[in-house]
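Overview (structure and organization)
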Amino acid sequence: MKKVVLLLVAVCFTALTFAQDAAEKLNQAGEAMKAKDYAKAFELYDSAMGNLGDVQIDASVNFNIGYAGYNSKNYEKAIGYFDKAIAAEANVAKSYDYQARCYNKLKNYESAVASYEKAIEADASNTALLYNTGIAAYQGKINEKAIEYFGKAVEGGYKAETAQYYKAAVYKRMKDTDAYKTTLEEGVAKFPGDKKMAPALAK
């Protein structure tokens, strides 16, 4: 009986030690985030999350961990933390946005576009997402999506001149000469001061 009691005490003590260690690491990670030392913050956060014990945390911390992961190039792990933030309905639009950025860095452009589209669903007012979706689709040669989102970026007024030019470039890549020319003509009419579209149209 005495051995059983001692064992339970040892287990409880170990659990308490882990919990205190996790709490301390979370505090240190928060300080590292403030100092923009994202590599240190991510290492501390990631370690703490594996030994939480009875420590109660706000689900929104998963976004912070993902953000630190993104900024320290731990892209795959960051994606997992953004998934947890989304599941907890914490910073949903931003989580999808940064998840898409991670996929972009990993050159997984289809997943990047899919995450950007979910970010747009969560925050339709952020017109930068339209342009970024177009860029991801352009990089991944997902031509129809690139045309769609560059067009929406032009309508939304976010980097509209560049979006119009890229939209034309997609048509050129698709060897759709008529659409390429028409898009450039529209661009020259809308943005007469642009220095790329007029020369491209002249050629």
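Everything below is about the structure shown above.
What counts and how
Residues numbered from 1 in each chain as written. Predicted model: local features only at pLDDT ≥ 70, side-chain atom pairs only at ≥ 80, totals over all residues. Heavy atoms only, no water. Salt bridge = Lys/Arg side-chain N within 4 Å of Asp/Glu carboxyl O. Helix = DSSP H or I, 4+ residues; strand = E, 2+ residues; numbered from the N terminus. Buried < 20%, exposed > 50% of the residue type's maximum accessible area, 1.4 Å probe, protein only. Phe/Tyr/Trp six-rings, centres within 6.5 Å; stacked < 30°, edge-to-face > 60°.

Enumeration over the complete set of coordinates arrives at five salt bridges. For R101, the salt bridge identified is with D97, shortest N-O distance 3.1 Å. A residue pair is termed a helical-turn pair when its members lie 3 or 4 positions apart in one helix, as R101 and D97 do in helix α5 (residues 92–105) at four residues. Of the residues examined, R101 reaches a relative accessible area of 26% and is grouped as partly exposed. When its relative accessible area of 8% is taken as the criterion, D97 is described as buried.

A separate point is the packing of aromatic side chains. Taken as a whole and judged by the stated rule, the model has 15 aromatic pairs. When the centroid spacing of 6.2 Å and the interplanar angle of 25 degrees are considered together, the rings of F63 and Y67 count as stacked. Taken as a pair, F63 and Y67 lie in helix α3 (residues 61–71) at a separation of four residues, close to a single helical turn. When its relative accessible area of 10% is taken as the criterion, F63 is described as buried. Taking relative accessible area as the criterion, Y67 reaches 23% and is therefore assigned partly exposed.

Everything listed is a geometric property; what it means functionally is a separate question.
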